[in-house]
Amino acid sequence: MFTKLSFKIGFLFFIFIFIIESILFFVLYTNLANERIEEVMDNLLARGNTHSEVLETNFDESTIEHVGIMESASDFVVVITDEAGNVIIHSDPIEPEMMEVIKHTDYDEISTKGKVVEDRWDDKQYIAADSPVNVDGEHKGHVFMFADTNNVKNVVNELSNQFIFVALMTVGLTIITVFILSRLITHPLIKMKKATEQLSKGKNKVELHTDRKDELGELANSITKLANELDQLKTERNEFLASISHELRTPLTYIKGYADIINRQDITDAEVKEYITIIREESEHLSILIKNLFELAKMDENKFSVQREEVSLCTVIQTVADRVNPAFSDKDITLFVSCPKEIIAFVDPERFQQLLINILDNAKKHSFEGGRVWLKVSQMEQEISITISDEGDGIPKDDLPYIFERLYRVEKSRSRQSGGTGLGLAIAKEIIESHGGHIEAKSEQGEGTSVIIRLTRGGNNE
Ligand SMILES: Nc1ncnc2c1ncn2[C@@H]1O[C@H](COP(=O)(O)OP(=O)(O)OP(=O)(O)O)[C@@H](O)[C@H]1O
Ligand SMILES: [Mg+2]
């Protein structure tokens, strides 16, 4: 529990707020209490001063008595002394504490104004003020005023009670606020933690619906996105594995089937020869398929590195043309190449040749005998485009969007004559994309196909 984020945040918050509140309360409390006490003292002194002023005009027995009677009805005690400190009159009984104040007064030093002579309200029974009486510069006596400190204590106690009440309220509210706040932060985090745990356990879907627009909301959305991508990746991988196993099984079935037939006694030599040819073709197909799959796997792992260099594009294209020409001639297909000599491309020549061969191989495969294939290079301000067009059978509209996918073939039934691996264009796409380029195909059934490769221009600075 103590290691939990909610506790840590909450605790820290609480400590800070508590310290701030304590300082605030302390300052406020001391100020208020002091003000109250001072008020009481000032009152007492003012009362004493009023009496001394009256006595200064009439310092006679009846006035003195009058003052005594007045204070006997009040909460205060008045004691009037002569100039030497002998008590003349007192309104209430004199307590020992009062006597001490009267005795300890310095009667030689007479100020015209009165002053508070006992202000220790917290450990004395009375606070006291002394107002000397001077008639025409002659020192006549003193008016001592006493007030019970219980009054002051009550005022301060009441103030303390109010403060304790408010402090408890604030602490309570702070705890509630902190609790809600930390839940607001940690609750979604806990949900996300659970979701990622589910993901690592193999669950594909996570539900982290959130309308929050803050960082936590963004995090939740990122996790959801990640989970969806992971899910898609898994599906794709499974589909791919299924296709691979199918692709591998087909030639193996042929090989096993024909090997079984050859083993039989009742077949002619000519048949044996024919079947062996088939077995050889199928093995070849299998090894090409495996080679291509391996190629793609390397690309996926980013192990295959493109070593780009500045090359004359036409030289690369001419090498490719020279390589494919014999096969084209076999089918009586003419290959027209047009390439402006000065074009320099920043590519990996080896990979680029492979890419062109894959596309030209398709054009050849799908062209009719005596057909024509064009390879045209053009250079624009930003990019170089290479278009390979044929007059072959074309690609059905429904298949066109998928031809760059792995193992996708338009002709689903894999005939031994036409049967490619369905990886040629997938590899081509990987290659061009690793060059930062783009590939697309346009096709009209019965009219022909064009494959367009676009490559951004630029050299080493890329
Ligand atoms: N020029 C084209 N004309 C008609 N169809 C084409 C053309 N190029 C590609 N296709 C279709 O697209 C599919 C995918 O092509 P891709 O090159 O990836 O596979 P493949 O040629 O069947 O096998 P591989 O190239 O591995 O031997 C092919 O099966 C083919 O039907
Ligand atoms: Mg192909």
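Residues numbered from 1 in each chain as written. Chains lettered and ligands numbered in written order. Predicted model: local features only at pLDDT ≥ 70, side-chain atom pairs only at ≥ 80, totals over all residues. Heavy atoms only, no water.

The protein carries the name histidine kinase in an unreviewed UniProt entry, which gives Virgibacillus byunsanensis as its organism. Taken verbatim from the UniProt record of the protein, the Catalytic activity (unreviewed entry) comment is "ATP + protein L-histidine = ADP + protein N-phospho-L-histidine." As recorded by UniProt, the Subcellular location (unreviewed entry) comment attached to the protein reads in full: "Cell membrane". (UniProt positions renumbered as here; feature names shortened; annotations may be inferred.)

A.B. asks: Explain the overall build of the protein residue by residue, including any values.
C.D. replies: If you tally the helices and strands in the protein, you get nine helices and twelve strands. Taken against the 2.2 N^0.38 rule, which gives 23 Å for 462 residues, the C-alpha radius of gyration of the protein at 53 Å runs more than 25% over that of a compact globule. If one aligns the C-alpha atoms of the protein with their principal axes, the spans along those axes are about 160 × 60 × 35 Å. Counting the 462 residues in the protein, one finds 37% classified as buried. Working note: accessible area of the protein is about 28200 Å², and carbon and sulfur atoms make up 55% of it. (Helix = DSSP H or I, 4+ residues; strand = E, 2+ residues; numbered from the N terminus. Rg over C-alpha atoms; globule rule 2.2 N^0.38 Å. Buried < 20%, exposed > 50% of the residue type's maximum accessible area, 1.4 Å probe, protein only. Areas by Shrake-Rupley, 256 points an atom, 1.4 Å probe, with all protein chains shown as cover.)

A.B. asks: Which residues make up empty space enclosed by the protein, and what are the values?
C.D. replies: Applying the stated criterion to the full structure yields one cavity of 30 Å³ or more. In terms of lining residues, the largest cavity is bounded by Glu97, Val101, Glu118, Lys124, Tyr126 and Phe146. (1 Å grid on protein atoms, 1.4 Å probe; cavity = no way out; pocket = protein on both sides within 12 Å on 5 of 7 lines; lining within 4 Å. Points joined across faces, edges and corners; volume = space filled by probe spheres on them.)

A.B. asks: Tell me about the UniProt feature "domain: HAMP" (unreviewed entry) in the protein, residues and numbers included.
C.D. replies: UniProt's entry tags residues 183-235 with the feature "domain: HAMP" (unreviewed entry), counted in the numbering of this structure. Span residues 183-235 is 74% helix and 0% strand, its end C-alpha atoms 37 Å apart.

A.B. asks: With reference to specific residues and values, describe the packing of aromatic side chains.
C.D. replies: Here the structure, examined in full by the defined rule, presents eight aromatic pairs. With 6.4 Å between their ring centres and 5 degrees between their planes, tyrosine 254 and tyrosine 258 make a pair best called stacked. In this pair, tyrosine 254 and tyrosine 258 both sit in helix α5 (residues 215-263), four residues apart, roughly one turn of the helix. Owing to a relative accessible area of 26%, tyrosine 254 belongs among the partly exposed residues under this scheme. Between tyrosine 258 and tyrosine 275, the aromatic rings sit 5.0 Å apart at their centres with planes inclined by 35 degrees, giving tilted as the arrangement. Here the residue tyrosine 258 occupies a position in helix α5, and tyrosine 275 occupies one in helix α6 (residues 269-300), the gap between them amounting to 17 residues. What links up through ring pairs into an aromatic cluster is the set Phe25, Tyr29 and Phe163. The positively charged end of arginine 406 is found above the aromatic ring belonging to phenylalanine 240, 5.7 Å away from the centroid. (Phe/Tyr/Trp six-rings, centres within 6.5 Å; stacked < 30°, edge-to-face > 60°. Lys NZ or Arg CZ within 6 Å of the ring centre and 35° of its normal.)

A.B. asks: With reference to specific residues and values, describe the domain arrangement of the protein.
C.D. replies: Under the domain assignment used here, the protein contains domain 1 (5-154), domain 2 (204-304) and domain 3 (309-456). Each of domain 1 and domain 2 was reduced to a C-alpha centroid, and the two centroids are 101 Å apart. (Domains from an automatic or database assignment.)

A.B. asks: Give me the lowdown on the pairing of strand β11 (residues 438-444), citing residues and values where you can.
C.D. replies: Of the two faces of β11, the one holding Ile439, Ala441 and Ser443 is buried and the one holding His438, Glu440, Lys442 and Glu444 is not buried anywhere. Pairing geometry for β11 and strand β12 (residues 448-456), over seven bridges, is antiparallel. Pairing of glutamate 440 across the sheet is with isoleucine 452, part of β12. Following β11, the chain reverses through three residues before pairing antiparallel with β12; glycine 446 in that reversal takes a positive phi of roughly 85 degrees. (Pairing = 2+ DSSP bridges.)

A.B. asks: Explain the packing of helix α4 (residues 149-200) against α5 residue by residue, including any values.
C.D. replies: At a closest axis distance of 10 Å, the pairing of α4 and α5 adopts a crossing angle of 10 degrees. Here α4 is positioned roughly parallel relative to α5, judged by the angle of their axes. The residues of α5 that touch α4, namely those facing Leu184, Ile185, Pro188, Leu189, Met192, Thr196 and Leu199, are Leu216, Leu219, Ala220, Ile223, Ala227 and Leu230. (Axes fitted to C-alpha atoms, helices over the stretch in contact; angles between N-to-C directions. Parallel < 35°, antiparallel > 145°, perpendicular 65-115°, else oblique. Contact = heavy atoms within 4.5 Å.)

A.B. asks: So what about unusual backbone geometry? Which residues, and what values?
C.D. replies: Within the chain, aspartate 136 stands out as a residue other than glycine whose phi angle is a positive 50 degrees. The topology assignment puts aspartate 136 in the loop between β4 (126-135) and β5 (138-148). Despite not being glycine, aspartate 332 shows a phi value in the positive range, around 60 degrees. By the secondary structure assignment, aspartate 332 is in the loop between α7 (313-330) and β7 (334-338).

A.B. asks: Describe in detail the site of ligand 1, supporting the description with residues and values.
C.D. replies: Around ligand 1 lies a shell of 19 residues, among which Asn362, Asp390, Thr421, Gly422 and Leu425 are the nearest. Within the side chain of asparagine 362, one N or O atom sits 2.8 Å away from an oxygen atom of ligand 1. In the model, an oxygen atom of ligand 1 is placed 3.0 Å from a nitrogen or oxygen of the glycine 424 main chain. With the chains in place, 92% of the 590 Å² that ligand 1 exposes on its own is no longer accessible. Mapped by element, the contributors of at least two residues to the shell around ligand 1 are α8 (349-366) and α9 (424-434). Element by element, the count of residues in the shell around ligand 1 is highest for α8, at four residues. A per-class count over the shell around ligand 1 returns seven nonpolar, eight polar and four charged. (Near = heavy atom within 4 Å. Polar contact = N/O pair within 3.5 Å; in protein donor to acceptor, adjacent residues only side chain to side chain. Nonpolar A, V, L, I, M, F, W, Y, C, P; charged D, E, K, R; others polar.)

A.B. asks: Help me get a handle on the UniProt feature "coiled-coil region" (unreviewed entry) in the protein, residues and values and all.
C.D. replies: Annotation from UniProt places "coiled-coil region" (unreviewed entry) at residues 216-243. For the annotated span residues 216-243, helix accounts for 100% and strand for 0% of the residues, and the straight-line distance between the end C-alpha atoms is 41 Å.

A.B. asks: Got a sec to walk through the packing of α6 against α9? Specific residues and values, please.
C.D. replies: Describing two packed helices takes the angle between their axes plus the distance from one axis to the other. The geometry of α6 relative to α9 is characterised by a closest axis approach of 10 Å and an angle of 30 degrees between their N-to-C directions. Taken together, the axis directions place α6 and α9 in an arrangement best described as roughly parallel. Crossing geometry of α6 relative to α9 is assigned as left-handed. Between α6 and α9, the residues in contact are Asn292, Glu295, Leu296, Met299 and Asp300 and Ala426, Ile427, Glu430 and Ile431, respectively. (Left-handed = near helix turned anticlockwise from the far one by under 90°.)

A.B. asks: Let's hear about helix α1 (residues 5-57): which residues, and what values?
C.D. replies: Every α-helical turn comprises 3.6 residues, leaving residues that sit three or four positions apart pointing alike. Here α1 spans 78 Å end to end across 53 residues, near enough to the 78 Å set by a 1.5 Å rise per residue. Residues Gly10, Glu21, Ala33, Ile37, Met41, Leu44, Leu45, Gly48, His51, Ser52 and Leu55 constitute the buried set of α1. Lining the buried residues of α1 we find α2 (61-72), β1 (76-82), β3 (115-118), β4, β5 and α4. (Expected span 1.5 Å × (residues − 1).)

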